[in-house]
Amino acid sequence: MELADITTTPVVLIMGINFSPEITGIAPYTSALARGLRVRAFDVRVLTSHPHYPEWRVRPGYGKWSTSEIVGNVPVDRKLHYVPKSPKGVKRLLSEVSFGLRLLIAPWDNPDVVVLISPALFSCALVSLRARFGSNRPAMNIWVQDLYSLGLSETGSGGTCVTKFVTWVEKQTLNSADGVVVIHDRFASYVTNVLGVDAERVRVVRNWTHLEATSPLDPSQTRGQHGWSEAETVVLHAGNMGVKQGLDNVLSAARLADEQGACVRFVLLGNGSEKAGLIARGADIKRLQFIDSLDDVGFQSALGAADILLVNELPGVSEMAVPSKLTSYFNAHRPVLAATDPKGVTALEIAAAAGGVVVQAGDPQALLDAVVELSLDRARAAALGANGFRYRKEVLGEDAALDRYALWIRGLASLGGRKRGRPLPIATRGNL
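Here is what the cut-offs are and how they apply
Residues numbered from 1 in each chain as written. Predicted model: local features only at pLDDT ≥ 70, side-chain atom pairs only at ≥ 80, totals over all residues. Heavy atoms only, no water. Pairing = 2+ DSSP bridges. Helix = DSSP H or I, 4+ residues; strand = E, 2+ residues; numbered from the N terminus. Axes fitted to C-alpha atoms, helices over the stretch in contact; angles between N-to-C directions. Contact = heavy atoms within 4.5 Å. Expected span 1.5 Å × (residues − 1). Buried < 20%, exposed > 50% of the residue type's maximum accessible area, 1.4 Å probe, protein only. Right-handed = clockwise from strand over helix to strand, strands pointing away. pLDDT = per-residue confidence, 0-100. Salt bridge = Lys/Arg side-chain N within 4 Å of Asp/Glu carboxyl O.

In the nomenclature of an unreviewed UniProt entry, the protein corresponds to Glycosyltransferase WbuB from the organism Cryobacterium melibiosiphilum.

Below, the structure written as structure tokens:
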């Protein structure tokens with residue numbers, strides 16, 4: 001079969017469980033990819049769910065069995081699926097399977113390439129069956145944002161049998177794809193060396209900062225809005241409050257700050273499955289504050305008004321995910337403090353940016369001590385913030401990442417149909 005002309009307009013169907021108007025986690029990247037491909041002359045359509053993350057309930061105004069709309073000049077079809085209040089274990093599995101079944105029977109309209117977003121892995125596994133064995137057989141790309149098998153082993157949330165099963169599903173699903181895009185070199189190593197995907201079918205496209213590059217904002221008004229005094233050091237954790245964030249460590253650090261009289265405020269901004277429990281357990285802590293999710297303007301203002309931006313991970317979490325919040329943190333000109341595995345992906349990213357400080361995960365006193373040290377060394381804090389912003393501009397630019405992804409998709413589209421084992425066109429090879 002001759003390669004199709006890559007100058008024609010590729011038809012791309014993106015299928016992912018998270019999409020705009022969700023503003024945290026994976027949704028901003030999936031939404032930006034759809035818009036970016038559209039701008040780059042692709043014919044793009046999206047199949048997704050109703051917005052429900054990170055609060056894990058369908059938002060007001062949504063929830064019909066099927067709806068269609070235009071988002072950022074991209075046609076978007078939304079499918080209702082099961083959304084559990086507590087997304088753990090079997091309930092999480094049922095949520096993904098129910099979404100996958102909706103995608104499996106939905107009209108696809110003969111795309112050249114389907115792009116599947118993982119998470120949700122089990123939705124991808126179901127949809128891959130149609131892509132592989134259906135009558136039209138488009139080329140299939142899977143975009144890996146989190147690694148499920150590593151997640152289970154690192155968080156301890158699954159037993160041996162469950163972990164082996166999920167690893168098998170992940171291995172089979174990724175190996176069934178014509179192309180796999182991962183967000184970090186360490187992910188690429190795991191996907192090729194552990195899950196056995198041919199390295200020629202794996203490319204690294206870094207997640208980017210979806211917020212516009214800005215100069216440091218005047219924080220006074222924002223601090224006043226949130227009740228932050230000028231005298232206290234505000235340590236802000238923004239984004240999902242789930243199991244892998246291990247935020248009880250932050251509660252313990254805030255409690256120590258109360259006991260030791262430290263002029264520090266720990267702020268947890270956002271939502272998530274663990275939020276209600278965290279609020280209950282932290283009700284008596286004076287130096288702890290919760291803020292609901294904000295829009296992009298409010299979010300960016302809050303990051304710029306804080307003194308230190310916090311990444312906190314459950315002890316043992318080191319390879320399963322690259323926190324998406326880091327891209328936004330580096331955009332804010334603020335130093336990053338990470339309580340994580342010093343040898344893990346998060347620590348590696350902070351070291352590459354020279355944009356922050358790393359302490360051991362699960363050590364609340366070390367976390368508090370690092371906050372106090374940074375608060376006393378304003379010159380160092382400013383330098384770390386400037387380094388992170390420079391890294392954001394030089395490494396985490398959106399246009400460059402989308403250009404790389406667009407080239408990869410064009411290469412898949414040029415296959416002219418699914419030809420397992422066939423190498424990609426020469427234009428798509430090499431480090432993207």
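Student: Even after reading the chapter, I still don't get the sheet that holds strand β4 (residues 74–79), so can you show me in this structure?
Tutor: The strands that make up a sheet are held in pairs by hydrogen bonds between backbone atoms, and each pair lies either parallel or antiparallel. Strands sit in the order β3-β4-β2-β1-β5-β6-β7-β8 across an open sheet of eight strands; the sheet is mixed. At either end of the open sheet lies a strand with only one pairing partner, and these are β3 (66–71) and β8 (202–204). Adjacent strand axes in the sheet meet at a mean angle of 20° when their direction is disregarded. The strands touched by helix α2 (residues 89–105) within the sheet are β1 (11–15), β2 (43–49), β3 and β4, with β2 carrying the most contacts at an inclination of about 140°.

Student: Even after reading the chapter, I still don't get the sheet that holds strand β10 (residues 264–269), so can you show me in this structure?
Tutor: With respect to topology, six strands assemble into an open sheet ordered β11-β10-β9-β12-β13-β14, the strand pairing being parallel. In this open sheet, the two strands that pair with only one neighbour each are β11 (288–291) and β14 (356–360). Between one strand axis and the next, the sheet turns by 25° as a mean value, whatever way the strands run. Where strand β13 (residues 336–340) and β14 come together, five bridges link them in parallel fashion. Residue pairing in the sheet places Thr340 in a bridge with Gln360 of β14.

Student: What am I meant to see in α2 here?
Tutor: Structurally, the α-helix is built with 3.6 residues per turn, so residues lying three or four positions apart point the same way. End to end, α2 covers 25 Å across 17 residues, agreeing with the expected 24 Å (1.5 Å per residue, within 8%). All of the buried residues along α2 are Ser95, Glu96, Ser98, Phe99, Gly100, Arg102 and Leu103.

Student: Please clarify how the pairing of β11 should be interpreted in this entry.
Tutor: On a regular strand, each side chain points to the face opposite its neighbour's, so the side chains alternate between the two faces of the sheet. Summarising the sheet, β10 and β11 pair through four bridges and their orientation is parallel. If you follow Phe266 over to β11, its bridge partner there is Leu288. Handedness of the crossover is the feature at issue here: the chain leaves β10, passes through helix α9 (residues 275–281), returns alongside β11, and the resulting connection is right-handed.

Student: How should the confidence of the model for the protein be read in this particular structure?
Tutor: Any residue range with low pLDDT should be treated as having predicted coordinates unsuitable for detailed reading. For the protein, mean pLDDT is 90; residues scoring 70 or higher make up 91% of the total. Per-residue pLDDT stays below 50 along residues 1–6; that stretch engages in 13 contacts with residues further than four places along the chain or on separate chains. Every residue in residues 417–432 scores below 50 in pLDDT, and together they form 43 contacts with partners more than four places removed in sequence or on other chains.

Student: Help me out: how do you make sense of the pattern of salt bridges in this one?
Tutor: Side chains that differ in sign of charge can pair as their charged atoms come close. Across all of its chains, the model carries 18 salt bridges by this definition. Ionic pairing is found between Arg45 and Asp77, a salt bridge with its closest N-O pair at 2.9 Å. Of the two residues, Arg45 is situated in strand β2 and Asp77 in strand β4; the sequence distance between them amounts to 32 residues. The pair formed by Arg45 and Asp77 is uniform in burial state, with each residue classed as buried. Between Arg223 and Asp307 there is a salt bridge, with the nearest N and O atoms lying 3.2 Å from each other. Taken together, the residues span a long stretch of sequence, with Arg223 in helix α7 (residues 220–226) and Asp307 in the loop between α10 (296–305) and β12 (308–312) at a distance of 84 residues. By relative accessible area, which is 3% here, Arg223 ends up buried. Three or more residues joined by partner-sharing salt bridges are found here, namely Arg40, Asp399 and Asp403.

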